[in-house]
Amino acid sequence: MSAPLKFYYDLLSQPSRAMLIFLKVAKIPFESLPVALRKAEHLSDEFREVNPFQKVPCINDNGFKLGESVAIVRYLANKHNISGNWYPKDVKKQALIDEYLEWQHNNTRLSCTLYFMLLWLQPLKTGKKPSPESVAEHQKRVEDTLDAIENIWLEKNSFLAGDEISVADIWGACEIEQLLLTPFDFRKGRPRLSAWMDRVRSSSNPHYDEAHKVIAKMAQNPAKL
């Protein structure tokens, strides 16, 4: 009998949170191995043996090591024959999910992460506020991304890839949820996005709230990681 999947993650990482939710909803057994980014544990020689890119999330599946969350979810969905809505076998449904997962790299993930770093992480580390010009520039990119989700991805569907929740929704919602740590109200003026976020949370709970417990604490007390 093979050992459980080893899952390396940090709940400060958006893809780590998404992967944790997926493992839970898909009922894939795993060994939980937190890596504290704030303590630079990902930069250790020991962790480099797990993932030479020194990032989370990553896995070690009985000697098969893999990084990059999208690659991991595809691998696990195929290996464990995940059925149903999360990453279906139907090639057209799968392609619609992949369409968002590919789109997000230069949109949801890039814009939301850079804005979060500018508004929250950098001031916390340096004690300096960003310039109004930088804030306006980065916020515009976030707004363009969220407007695309509101007016294109969710124009006709309840979820990003159709009328059922999938891994696309988990990956998208986890990126956007991090904006709670900034002053920007991402729900304002976006009723479809707001309702979608609520559906994603309710459809994947209690795992969604579990994965975001650190973010919730940080939102209440920014001085504590």
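Treat the numbers as computed from the prediction; the structure is a model and nothing was measured.

Relative to the elements of secondary structure, Cys174 occurs in helix H7 (residues 167-177). Considered as a pair, Cys174 and Ser13 are 161 residues apart in the sequence and their alpha carbons are 9.2 Å apart. When residues no more than four places from it in sequence are discounted, the contact partners of Cys174 are Gln14, Arg17, Ala18, Ile21 and His212.

Here we take up the sheet that holds strand E4 (residues 64-67). On the basis of which strands lie adjacent, the open sheet formed by four strands has the order E2-E1-E3-E4 and mixed pairing. Each edge of the open sheet carries a strand with a single partner, namely strand E2 (30-34) and E4. Taken over all neighbouring pairs, the strand axes of this sheet differ in orientation by 20 degrees on average, direction set aside. Helix H1 (residues 14-25) contacts strand E1 (5-9) and E2 of the sheet and is inclined by roughly 150 degrees relative to E1. Packing of helix H3 (residues 69-79) onto the sheet brings it into contact with E1, strand E3 (58-61) and E4, and relative to E4 it is tilted by some 135 degrees.

Across the interface, H1 lies against H7 with an axial gap of 8 Å and an inter-helix angle of 145 degrees. Note on packing geometry: the crossing formed by H1 with H7 is right-handed. Counted together, Gln14, Pro15, Arg17, Ala18, Met19, Ile21 and Phe22 of H1 and Val167, Ile170, Trp171, Cys174 and Glu175 of H7 form the full contact between these two elements. Of the residues that constitute the contact of H1 with H7, the class distribution is nine nonpolar, one polar and two charged.

Our next topic: the pattern of salt bridges. Summed over the entire model, instances satisfying the criterion amount to 12 salt bridges. For Arg48, the salt bridge identified is with Asp45, shortest N-O distance 2.6 Å. On the criterion of helical spacing, the pair formed by Arg48 and Asp45 is a turn pair, its members being three residues apart in helix H2 (residues 45-50). Judged by its relative accessible area of 35%, Arg48 falls in the partly exposed class. Of the residues examined, Asp45 reaches a relative accessible area of 56% and is grouped as exposed. The shortest N-O distance in the salt bridge between Lys79 and Asp61 comes to 2.6 Å. Taken together, the residues Lys79 in helix H3 and Asp61 in strand E3 connect sequence positions 18 residues apart.

About the cut-offs
Residues numbered from 1 in each chain as written. Predicted model: local features only at pLDDT ≥ 70, side-chain atom pairs only at ≥ 80, totals over all residues. Heavy atoms only, no water. Helix = DSSP H or I, 4+ residues; strand = E, 2+ residues; numbered from the N terminus. Contact = heavy atoms within 4.5 Å. Pairing = 2+ DSSP bridges. Axes fitted to C-alpha atoms, helices over the stretch in contact; angles between N-to-C directions. Left-handed = near helix turned anticlockwise from the far one by under 90°. Nonpolar A, V, L, I, M, F, W, Y, C, P; charged D, E, K, R; others polar. Salt bridge = Lys/Arg side-chain N within 4 Å of Asp/Glu carboxyl O. Buried < 20%, exposed > 50% of the residue type's maximum accessible area, 1.4 Å probe, protein only.

These values are about where atoms sit, not about what they do.
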